[in-house]
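Summary of the model geometry
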Amino acid sequence: MTGTTTPRLVLIGPPGVGKSTIGRRLARALDLPAHDTDRAVEVAAGQSIPDLFVDHGEAHFRELERAEVLRALAEEVGVVSLGGGAPMDPEVQAALAGHTVVFLDVGIADAARRIGFDASRPLLMVNPRASWTKMMNERRPTYERLATVRVDTAGRKPAAVVEEILAFLGAPTGDST
């Protein structure tokens, strides 16, 4: 899919991989808007994702997430960063077909360092390392199947990750900070 009404690219991957950070930097390098679907859900709902989980449950959050992701995939024109669980939804998977999808991959050590496995990650609240590993083992095949390209972020600075994605896109590289 190309055109003025679809994203230039979509970022997927697990919690702690840097989708939001990489998305903002890519958007700046490409002179496009950045759109983070998790942030959009929080703004629309008027509360944080952890609070949505506590107050309304995961199913409610996933409904809001699905609606926002489907809207973003149809209407946003820049770089769209999806929440880690969004690609597990069959409707989202179907909507990703034809888009340039970048799977940002990371290992447990880097993810732990980046997000600290604190209470802001509702699915990781109980035994965070084991929960993250289990979640990633379940999600990895879907991320890989949906991806146009996989980019390993382990041990890398955001600028290097952005440069690799820009090179894949055939976009000018240089200042991706």
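Just so you know, the residues in each chain are numbered from 1, in the order the chain's sequence is written. Reporting of local features is limited, given that this is a predicted model, to residues whose pLDDT is at least 70; pairs of side-chain atoms are given and counted only at 80 or more, and all residues count toward the totals for whole chains, interfaces and linings. With hydrogens and water excluded, all non-hydrogen atoms of the structure serve as input to the side-chain values.

Below, the discussion takes up the overall build of the protein. Helix numbering and strand numbering both begin at the N terminus, where a helix is a DSSP run of H or I of at least 4 residues and a strand a DSSP run of E of at least 2. Within the protein, the regular secondary structure consists of eight helices and five strands. Put simply, the protein runs from its N terminus to its C terminus through helices and strands in the order β-α-β-α-α-α-β-α-β-α-α-β-α. Buried residues in the protein amount to 45% of all 177 residues. Each residue is placed in one exposure class: buried if its accessible area under a 1.4 Å probe, protein chains only, is under 20% of its type's maximum, exposed if it is over 50%, and partly exposed if it falls in between.

Time to look at helix α3 (residues 49–56). Those residues of α3 not exposed but buried are Ile 49, Pro 50, Leu 52 and Phe 53. All buried residues of α3 project into a common sector of 165° when viewed along the axis, lining one side. Looking at α3, the residues exposed on the side facing more than 90 degrees away from the buried face are Val 54 and Asp 55. Turning to α3, the residues buried within the fold contact α2 (37–45) and α4 (58–75). The directions considered for the arc are those from the helix axis to the C-beta atoms. Contacts are residue-level and defined by heavy atoms, with any inter-residue pair within 4.5 Å sufficient.

Right, let's get into the pattern of salt bridges. One speaks of a salt bridge when a side-chain nitrogen belonging to Lys or Arg is within 4 Å of a carboxyl oxygen belonging to Asp or Glu. Across all of its chains, the model carries 14 salt bridges by this definition. Two residues, Glu 75 and Arg 71, come together in a salt bridge whose shortest N-O distance is 3.1 Å. Of this pair, Glu 75 and Arg 71 both sit in helix α4, four residues apart, roughly one helical turn. A relative accessible area of 26% means that Arg 71 is categorised as partly exposed. One salt bridge in this structure joins Glu 144 and Arg 140, with 3.7 Å as the shortest N-O distance. Taken together, the residues span about one helical turn, with Glu 144 and Arg 140 both in helix α7 (residues 128–146) at a distance of four residues. Overall, Glu 144 belongs to the partly exposed group, its relative accessible area being 42%. Each of Asp 105, Arg 140, Glu 144, Arg 150 and Asp 152 takes part in a single network of salt bridges with overlapping partners.

It is worth spelling out the sheet that holds strand β5 (residues 149–152) at this point. The criterion for strand pairing is that DSSP finds at least two bridges linking the strands in question. Taking strand neighbours across the sheet as the criterion, the five strands line up as β2-β3-β1-β4-β5 in an open arrangement whose pairing is parallel. Whereas interior strands pair on both sides, the edge strands pair on one side only; in this sheet they are β2 (34–36) and β5. With strand direction ignored, the average angle separating the axes of adjacent strands in the sheet is 25°. Sheet topology note: the strand β1 (residues 9–12)/strand β3 (residues 79–81) ladder contains three bridges and is parallel. Each bridged residue has a counterpart across the sheet, and for Val 10 the counterpart in β3 is Val 80. Axes here mean lines fitted to C-alpha atoms, for a helix over just the part in contact, with angles spanning 0 to 180 degrees between N-to-C directions. Contacts from α2 reach β2 and β3, with the element oriented near 65° to β2.

Let us now look at the packing of aromatic side chains. Here a Phe, Tyr or Trp ring, Trp counted by its six-membered ring, pairs with any other such ring whose centre lies within 6.5 Å, and the pair is stacked when the planes are under 30 degrees apart, edge-to-face when over 60, and tilted otherwise. Taken as a whole and judged by the stated rule, the model has two aromatic pairs. Ring centres of Phe 53 and Phe 61 lie 5.3 Å apart, and the angle between their planes is 40°; on these two criteria the pair is classed as tilted. Per residue, the accessibility class of Phe 53 equals that of Phe 61, and both read buried.

Core analysis: the largest hydrophobic core is formed by 36 residues, its most contacted members being Leu 26, Leu 82, Leu 104 and Ile 165. Setting aside chain neighbours within four positions, we find Leu 82 in contact with Val 10, Leu 11, Ile 12, Lys 19, Thr 37, Val 69, Pro 87, Val 92 and Leu 96. Within this scheme, the nonpolar core is defined by two criteria: the residues are buried Ala, Val, Leu, Ile, Met, Phe, Trp, Tyr or Cys, and they are joined through side-chain atoms within 4.5 Å. Core analysis: the next-biggest nonpolar cluster, separate from the first, contains five residues, Val 41, Ile 49, Phe 53 and Phe 61 among them.

It is the contact of helix α1 (residues 19–30) with helix α8 (residues 158–169), at a shortest axis distance of 10 Å, that shows an interaxial angle of 55°. Relative to α8, α1 is oriented oblique. Taken as a pair, α1 and α8 cross one another with a handedness that is right-handed. In contact with Thr 21, Ile 22, Arg 25, Leu 26, Ala 29 and Leu 30 of α1, α8 contributes Pro 158, Ala 159, Val 161, Val 162, Ile 165, Leu 166 and Leu 169. Residues are grouped as follows: Ala, Val, Leu, Ile, Met, Phe, Trp, Tyr, Cys and Pro are nonpolar; Asp, Glu, Lys and Arg are charged; every other residue, Gly included, is polar. Considered class by class, the residues forming the contact of α1 with α8 number 11 nonpolar, one polar and one charged. Orientation is classified from the angle alone, with under 35 degrees giving roughly parallel, over 145 giving roughly antiparallel, 65 to 115 giving roughly perpendicular, and any other angle giving oblique. Take the far helix as your reference; a near helix turned counterclockwise from it by less than a right angle gives a left-handed crossing, and one turned clockwise gives a right-handed crossing.

As far as function goes, none of this settles anything; it's purely spatial.
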